[in-house]
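# Breakdown of the fold
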There are 2 protein chains.
Amino acid sequence: MSTIKDVAKKAGVSISTVSYAMNDKPNVNPETKEKILAIAKELNYTPNVVAKQLKTNETKNIGIFISHLSLQQLDYIVTSAKRVFEQETYNVIISNGKSASQLMLNRYVDAAIIMDDQLSNETISQFASYGSPVYLYDRNIPGTNIISNELKEDEIIENLIEQMYEKGYRSFAFLSGLKDSSQHRLRYKGFKKALSQLRIEEHLFIEGKGTIESGYKIGKEIKLLKELPDFLFCSNDLMAYGLIQALKEQNLKIPNDIAICGFDNDLFCQHVKPSLSSIGIDYVKLGQEAAENILDVILRKKFRKPTHHPYIIYFRESC
Amino acid sequence: MSTIKDVAKKAGVSISTVSYAMNDKPNVNPETKEKILAIAKELNYTPNVVAKQLKTNETKNIGIFISHLSLQQLDYIVTSAKRVFEQETYNVIISNGKSASQLMLNRYVDAAIIMDDQLSNETISQFASYGSPVYLYDRNIPGTNIISNELKEDEIIENLIEQMYEKGYRSFAFLSGLKDSSQHRLRYKGFKKALSQLRIEEHLFIEGKGTIESGYKIGKEIKLLKELPDFLFCSNDLMAYGLIQALKEQNLKIPNDIAICGFDNDLFCQHVKPSLSSIGIDYVKLGQEAAENILDVILRKKFRKPTHHPYIIYFRESC
DNA sequence: TTGTAAGCGTTATCAG
DNA sequence: CTGATAACGCTTACAA
């Protein structure tokens, strides 16, 4: 492991000159610089970022912390954010849970984009108090250096139900994932709000497990109901897939006997029969926007107003 | 941002004593320690890891570098590896491409698990030369600190074809993803090797794009063939899904008219009709094994022999 | 244009 | 058990 000293010694100059040369400072003699760079290469020298960091107090790393690594769209968020960050020579790091907390508390990242339930508000606030900008997609907390742009999934569902009401649907049901998931709870909240505003007093609530199998099982039991709802919202697409399968096996017609909509706009929505209506969030825009905002704060100390979330309700055959 | 100095001053002790207290060294007086810890908490002091790093030359971070962030199984690898690492207070960082290279070159991680085409052998070797252990799943390079356990997907396919031959299949076709993907090329390599060993001279090769749509399109064109192959291997499940759909629309019977097998053991293999045979890799074991091996090297300077990869060929209705 | 030297926040050696 | 102090590898006034 060669250091700046080794290079300086071999080049017969001082370490500051090496530092200047390595950092492209304008003051250094072209010949000296050339010589230094050559020797650096020869010695396989790369500056120790840690030491550099200790001086400059920045890591050039950005954290993207997301609980659901299985999220099909993870790649979209990350790739679009990376494109923005890497242009300014920032590195992008993904993590979650305990590791993510540590990375923040230890200032291993200069900024963070967050969609991770497991991170506490305290951790986030502490991180922001170091002067590091945070972009929050999963909650709303006040504070300097914190930009909250919560994905208001409840409002999205509310909007969906209203649209379905206008289309003439009158009885509604909600198929939830595991109830202890804050995501599903939030979606249900929006559902209930819409109904209460529409003065619809009753609705069916079913708790599933978020998987295809669980949707299927529930679909098989649906004939136990005395009356089918007009419209069933599934809190994710996977359950909707299983459900549709089961309904078809019972010769129920979708959307005539029962209309269905999922959430996530999964890859297969267009490929199941009938094709599944679903709600999709534009994760590419999401990643890009957060990245640009953060860079604005870091580079130009400028806070932009977060824009509204790009989501689309894809109406297909199922409703 | 309070530092060790602030704590020392307020506690009326020297910085070394604070350091001892913070690091649970056995030499410090319990009362002093208690006092120091209290003050540290009061001042919201967390040790600066960067400074610590500069001394100790370790980061307590482990990198997992994977090109395909969309990989459904990413979560399995990471979660199982995290469980192992976090037990020893290591943090887990995911990244790829340019950022990943930087993280390695700059020694931001103490070790790495790699499945990322975009990382060059040079980068990896350089990283290993710092004394940092590397666990490679996507290639095989020699060197100290490097453990290569390449996923020999060619051998897996070879094995599959042999099994199909024993079952009586005689004419084989290969549906590839984009040809410039090293993964698909490797799978095709194994396919060809098996055929040559079985002395089968001819086979059909089709290049797709790796998507459902591309599989569908190819399925629609398949009637142009004068003769269907007995068995068609699809280099990923997505293409197989599209293909199956198209074949069904032409009233071709699977597996009687043509048998099909995919790769990845995607979530939907069991749910399409006919259910899709596929090859699945046990990513949970993968992550865990790499993690344990790396910890063995870091903590105990002990190199284990990598075990063979856990993969399973799931035979379902499609072949 | 280059060199000297202080300092970033720790850890660790050595002395007390 | 505690305190001074050197050192980790770099950046950056300031001096030359």
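Here we summarise the structure given alongside this text. Note that this is a predicted model, so its numbers are computed, not measured. (Residues numbered from 1 in each chain as written. Chains lettered and ligands numbered in written order. Predicted model: local features only at pLDDT ≥ 70, side-chain atom pairs only at ≥ 80, totals over all residues.)

## Examining the overall build of chain A
How we decide: Starting at the N terminus, helices and strands are each numbered in turn, a helix being any DSSP run of H or I of at least four residues and a strand any DSSP run of E of at least two. Burial in this document is a count-based property: other C-beta atoms within 10 Å of a residue's C-beta are tallied, and the residue is buried at 20 or more, exposed at 12 or fewer, or partly exposed in between, with C-beta positions derived from the backbone. The contact criterion used here is simple: two residues whose C-beta atoms, placed from the backbone, lie within 7 Å are in contact.
Counting its secondary structure elements, chain A contains twelve helices and eleven strands. In terms of principal-axis extent, the alpha carbons of chain A reach across some 90 × 35 × 30 Å. Within chain A, buried positions represent 44% of all 319 residues. Looking at chain A alone, contacts between residues at least 24 apart form 65% of all its contacts between residues at least 6 apart.

## Details of the protein's contact with DNA strand D
The condition that has to hold: In this analysis, residues qualify as near a molecule or strand once their C-beta atom, positioned from backbone atoms, comes within 6 Å of it. The nonpolar class holds Ala, Val, Leu, Ile, Met, Phe, Trp, Tyr, Cys and Pro. Asp, Glu, Lys and Arg form the charged class, and all remaining residues, Gly among them, are polar.
Taken together, 26 residues surround DNA strand D, and among them A:I4, A:S16, A:S19, A:A51 and B:S16 come closest. Mapped by element, the contributors of at least two residues to the surface near DNA strand D are α2 (15-22) and α4 (49-56) of chain A together with α2 (15-22) and α4 (49-56) of chain B. For the surface near DNA strand D, the per-class residue count stands at eleven nonpolar, twelve polar and three charged.

## Digging into the protein's contact with DNA strand C
In the region of DNA strand C, 25 residues are neighbours, and A:N29, B:I4, B:S19, B:N48 and B:A51 sit closest. At the level of secondary structure, the elements contributing two or more residues to the surface near DNA strand C comprise α2 and α4 of chain A together with α2 and α4 of chain B. With five residues, α4(B) is the largest single contributor of residues to the surface near DNA strand C. Here the surface near DNA strand C is built from residues that sort into ten nonpolar, twelve polar and three charged.

## Considering the interface of chain B and chain A
Contacts between the two partners involve 33 residues from chain B and, on the opposite side, 35 residues from chain A. At the level of secondary structure, the elements contributing two or more residues to the side of chain B that touches chain A comprise α4, α5 (74-87), β2 (91-95) and α6 (97-105) of chain B.

## A few points about the packing of helix α8 (residues 153-166) of chain A against helix α9 (residues 182-197) of chain A
When two helices pack together, their arrangement is given by the angle between the helix axes and the distance between those axes. Residues and elements named next belong to chain A. Here is the rule: The axes used here are C-alpha line fits, helices contributing only the stretch in contact, and every angle between their N-to-C directions lies in the interval 0 to 180 degrees. Comment on the angle field: the value is read as roughly parallel under 35 degrees, roughly antiparallel over 145, roughly perpendicular from 65 to 115, and oblique elsewhere. By convention, the crossing between two helices is left-handed when the near helix turns anticlockwise from the far helix through less than a right angle, and right-handed when the turn is clockwise.
For the pair α8 and α9, interaxial distance at closest approach is 7 Å and the crossing angle is 40 degrees. When the axis of α8 is compared with that of α9, the two are oblique. As α8 packs across α9, the resulting crossing turns out to be right-handed. Between α8, through E153, D154, E155, I156, I157, E158, I161 and E162, and α9, the contact on the second element is made entirely by Q183, L186, R187, K189, G190, F191, K193, A194 and L195.

## Section: the relation of the copies chain B and chain A
Test applied: Only residues with pLDDT of at least 70 in both copies contribute their C-alpha atoms to the least-squares superposition of the copies.
In the superposition of chain B on chain A (RMSD 0.1 Å, axial shift 0.0 Å), the rotation amounts to 180 degrees. These values place the two chain copies in the arrangement generated by a two-fold rotation axis. No C-alpha of chain B lies nearer the rotation axis than that of B:I94, which sits 2.4 Å from it. Comparing interface residues between copies, 100% of those in chain B also sit at the interface in chain A, which points to an isologous, same-surface contact.

## A closer look at the pairing of strand β7 (residues 204-207) of chain B
Residue and element names in this part refer to chain B. Here is the rule we go by: Note: two strands are recorded as paired if DSSP finds a minimum of 2 bridges between them. Throughout, right-handed denotes a crossover for which the path from the first strand over the helix to the second runs clockwise when the strands point away from the viewer.
Of the strand pairs in this sheet, strand β6 (residues 172-176) and β7 are connected by four bridges, and their pairing is parallel. By the bridge assignment for β7, L175 is matched with I206. You can see the chain leave β6, run along helix α9 (residues 182-197) and come back into β7, and the turn it takes is right-handed.

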